[in-house]
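Each chain, written out:
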Protein chains: 2
Amino acid sequence: MSVLAARPLTAEAFAPFGEVIETGGAFVTINEGFCRRFTDLATLDIVDGRPGLSLFQAEIRALPYDCTLLERHPLGSQCFIPMQGSRFLVIVAADAGGAPGTPLAFVAGDHQCVNIARNTWHGVLCPIAGSGLFAVLDRIGAGGNLEEHRLSRPIRVTA
Amino acid sequence: MSVLAARPLTAEAFAPFGEVIETGGAFVTINEGFCRRFTDLATLDIVDGRPGLSLFQAEIRALPYDCTLLERHPLGSQCFIPMQGSRFLVIVAADAGGAPGTPLAFVAGDHQCVNIARNTWHGVLCPIAGSGLFAVLDRIGAGGNLEEHRLSRPIRVTA
């Protein structure tokens, strides 16, 4: 089994796979000075459907975590918004001829949302701290939007 | 000054003003049994624009809270998703001839998102616990989408 050390999530490192939604860039001040608004941070890339908001309640997983499955969604991006202090692993891979190439692993903080680009290989939602509750913004529509790839060799993700 | 006691947020009580997004209803089990998905819980009612994801970083406010301003958005619903354990006041009012009628106040838990219906009078984002960081799903588009109404008599919201 190959071993992969997860590293802290940054927008730069994650750019080939999607977007990290976090404060730090340009903002406008609203609500009489009491609030900063960082506007329109995610590319909602939805084909043949519409974006919708769902909740995911996922079990907290322990590290090291053995990843055995990657998936991708050909018809839409998928944005994960952590609630209640949830921190989570984000495992992604570039495509290599219709199958995932070598994966990378990141740890997202509870202040970061992650928008996985349409058709990008990724592991399933994997919270490692917090309650495991997430709001998820992804495609609502008919038709298949899930491609799965079971790894011939699991990947052990460590802290 | 009139005094208003905030009560816990429930979907039933909030129904005239929008939606409470929380687990508890129908779900499907995904990710090999490790995750429950509660699908498509918010009505994204956007006119002449598109939904987009933003972050709001709001200051934590103390109770009692004196509400002096209500606003509404004629062109779109606005959904607040609390991150990092943020609990928040939700102050809403029915319309009464182009101005807000008698307000109601709720306290939303950090497990609840609130989708305020298009053109519904509401107070500004008002976290009372947590970090004050929210993901917000609302209208991205040109043109004015804000109507404000300053209250002639502030409303004091208590716990």
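See the structure printed just above.
How each quantity is defined
- Residues numbered from 1 in each chain as written.
- Chains lettered and ligands numbered in written order.
- Predicted model: local features only at pLDDT ≥ 70, side-chain atom pairs only at ≥ 80, totals over all residues.
- Heavy atoms only, no water.
- Helix = DSSP H or I, 4+ residues; strand = E, 2+ residues; numbered from the N terminus.
- Buried < 20%, exposed > 50% of the residue type's maximum accessible area, 1.4 Å probe, protein only.
- Contact = heavy atoms within 4.5 Å.
- Salt bridge = Lys/Arg side-chain N within 4 Å of Asp/Glu carboxyl O.
- Phe/Tyr/Trp six-rings, centres within 6.5 Å; stacked < 30°, edge-to-face > 60°.
- Lys NZ or Arg CZ within 6 Å of the ring centre and 35° of its normal.

Asks: For this particular structure, what's the right way to read the environment of A:Leu4?
Replies: All names here are of chain A. Here Leu4 shows up in strand 1 (residues 2-5). For Leu4, a relative accessible area of 17% puts it in the buried group. When the C-alpha atoms of Leu4 and Arg156 are compared, they prove to be 6.0 Å apart, with 152 residues separating the residues in sequence. Residues contacting Leu4, with those up to four places away along its chain left out, are Pro103, Leu104, Ala105, Ile155, Arg156, Val157 and Thr158.

Asks: Sorry if this is basic, but what is going on with unusual backbone geometry here?
Replies: A negative phi angle is the norm for most residues apart from glycine, just as the trans form is the norm for most peptide bonds. Residues and elements named next belong to chain A. At the junction of Leu63 and Pro64, the peptide bond is cis and its omega measures out at -5° in the coordinates. Topologically, Pro64 is positioned in the loop between strand 6 (50-58) and strand 7 (65-72). Non-glycine residue Glu32 carries a positive phi angle of around 55°.

Asks: Please explain the side chain of A:Thr120 as it appears in this structure.
Replies: Residues and elements named next belong to chain A. Mapped onto the fold, Thr120 is located in the loop between strand 11 (113-116) and strand 12 (121-122). By relative accessible area, which is 10% here, Thr120 ends up buried. Here Thr120 is in contact with Phe17, Glu71, Arg72 and Ala93, once residues within four sequence places are set aside.

Asks: Got a minute to help me understand the pattern of salt bridges in this structure?
Replies: Oppositely charged side chains can form a pair if their charged atoms are brought close together. If you walk through the whole model with that rule in mind, you get 14 salt bridges over all chains. In this structure, A:Arg156 engages A:Asp66 in a salt bridge whose closest nitrogen and oxygen atoms are separated by 2.8 Å. One end of the pair, A:Arg156, is in strand 15 (residues 147-158); the other, A:Asp66, is in strand 7, with 90 residues separating them in the sequence. Overall, A:Asp66 belongs to the partly exposed group, its relative accessible area being 29%. Here B:Asp95 makes a salt bridge to B:Arg72, at a shortest N to O gap of 3.2 Å. In this pair, B:Asp95 is assigned in strand 9 (residues 87-96) and B:Arg72 in strand 7 (residues 65-72), connecting sequence segments 23 residues apart.

Asks: Teacher, can you tell me more about the packing of aromatic side chains here?
Replies: Between two aromatic rings, the relevant description is the distance of the centres plus the angle of the planes. For the structure shown, the criterion picks out ten aromatic pairs over all chains. Taken together, a centroid distance of 5.9 Å and an interplanar angle of 85° make the contact between B:Phe14 and B:Phe106 edge-to-face. Of this pair, B:Phe14 sits in helix 1 (residues 11-14) while B:Phe106 is found in strand 10 (residues 99-108), placing the two residues 92 residues apart along the sequence. Taking the relative accessible area as the measure of exposure, B:Phe106 reaches 0% and is therefore buried. Just above the ring of B:Phe34 sits the side chain of A:Arg61; from NZ or CZ to the centre is 3.5 Å.

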